[in-house]
Amino acid sequence: ERKTIQDALVWASDYNGVVGGVFGRRTFEAILAVQKRLRAPADGVLDAKAKGELIAAASRERQAAGFDIKADD
């Protein structure tokens, strides 16, 4: 779940770092930026609504870029 959030933060242009699932200062600051944009309480913890909106925004950005993951047999 943490990697999913970090990946979404990357696609939403809020996070520039390693998607490794470890939440540090950069991840925390990225979450605060999302919360500020959504006008949600800025506490560094994504509630279900904010997480859903972040993941939806990331999905739209992936689609706009034509990004797709393919299996490499």
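Each chain carries its own residue numbering, running from 1 in the written order of its sequence. pLDDT decides what is reported in this predicted model: residues at 70 or higher carry local features, side-chain atom pairs at 80 or more are listed and counted, and totals for whole chains, interfaces and linings draw on all residues regardless. Calculated side-chain values reflect all of the structure's heavy atoms, with hydrogen atoms and water omitted.

Visitor: Just checking my understanding: could you explain the overall build of the chain for this structure?
Guide: The numbering of helices and of strands both runs from the N terminus, where a helix is a DSSP run of H or I of at least 4 residues and a strand a run of E of at least 2. If you tally the helices and strands in the chain, you get three helices and zero strands. From first element to last, N terminus to C terminus, the chain shows the α and β order α-α-α. Here the globule rule reads 2.2 Å times residues to the power 0.38, and the radius of gyration is calculated from C-alpha atoms. For the chain, the C-alpha radius of gyration of 12 Å lies close to 11 Å, the compact-globule estimate for 73 residues. Overall, the C-alpha framework of the chain stretches about 45 × 25 × 20 Å when taken along its three principal axes. Think of it in three bands: residues with accessible area under 20% of the maximum for their type are buried, residues over 50% are exposed, and the middle band is partly exposed, with areas taken using a 1.4 Å probe on protein chains only. Counting over 73 residues, the chain shows a buried share of 25%. Nonlocal contacts in the chain, meaning residues at least 24 apart in sequence, comprise 27% of its contacts between residues at least 6 apart. By definition in these notes, contact holds between two residues if any of their heavy atoms fall within 4.5 Å.

Visitor: Quick question: what am I supposed to make of the side chain of Asp14 here?
Guide: On the secondary structure map, Asp14 appears in the loop between helix H1 (2–11) and helix H2 (25–37). Polar contacts here mean pairs of N or O atoms no more than 3.5 Å apart (in protein, one a potential hydrogen donor and the other a potential acceptor; neighbouring residues in sequence count only if both atoms are side-chain atoms). One polar contact links Asp14 to Arg37, side chain to side chain, over a distance of 2.7 Å. In this structure, Asp14 is in contact with Leu9, Ala30, Ala33, Val34 and Arg37, ignoring residues within four places of it in sequence.

Visitor: Looking at this structure, I do not really get the nonpolar core. What am I missing?
Guide: Within soluble globular proteins, side chains that are nonpolar generally end up buried alongside one another. Of all hydrophobic cores here, the largest spans twelve residues; its members are Ile5, Ala8, Leu9, Ala12, Tyr15, Ala30, Ile31, Val34, Leu46, Ala50, Leu54 and Ala58. Elements represented by at least two residues in this core include exactly H1, H2 and helix H3 (48–65). Residues in contact with Ile5, not counting those within four places in the same chain, are Phe23, Leu46, Lys51 and Leu54. Only buried Ala, Val, Leu, Ile, Met, Phe, Trp, Tyr and Cys residues count toward a nonpolar core, and they belong to the same one when joined by side-chain atoms within 4.5 Å.

Visitor: Looking at this model, I keep getting lost on the pattern of salt bridges. Mind explaining?
Guide: Side-chain pairs of opposite charge can arise where the charged atoms are in close proximity. Between Lys or Arg on one side and Asp or Glu on the other, a salt bridge is scored when a side-chain nitrogen of the former is within 4 Å of a carboxyl oxygen of the latter. Summed over all chains, the structure comprises five salt bridges. Two residues, Asp7 and Arg62, come together in a salt bridge whose shortest N-O distance is 2.5 Å. Of this pair, Asp7 sits in helix H1 while Arg62 is found in helix H3, placing the two residues 55 residues apart along the sequence. Using a relative accessible area of 27% as the deciding quantity, one classes Asp7 as partly exposed. Of the residues examined, Arg62 reaches a relative accessible area of 21% and is grouped as partly exposed. Lys70 is the partner of Asp68 in a salt bridge, and the nearest nitrogen-oxygen pair spans 3.0 Å.

Visitor: How do you make sense of H2 when you look at a structure like this?
Guide: Since the α-helix packs 3.6 residues into each turn, any two residues three or four apart lie on the same face. Here H2 contains 13 residues, and its C-alpha end-to-end distance of 18 Å stays within 8% of the 18 Å for a straight helix at 1.5 Å per residue. Listed in full, the buried residues belonging to H2 are Thr27, Ala30, Ile31, Val34 and Gln35. End-on, the buried residues of H2 take up no more than an arc of 140°, which puts them together on one face. Every exposed residue of H2 that faces more than 90 degrees away from the buried side is listed here: Arg25, Arg26 and Lys36. The elements touched by buried residues of H2 are H1 and H3. Arg39 occupies a position one or two residues after H2 and carries a positive phi of about 55°. Helix span is expected to be 1.5 Å times the residue number reduced by one. The arc in question is the one traced by the directions running from the helix axis out to the C-beta atoms.

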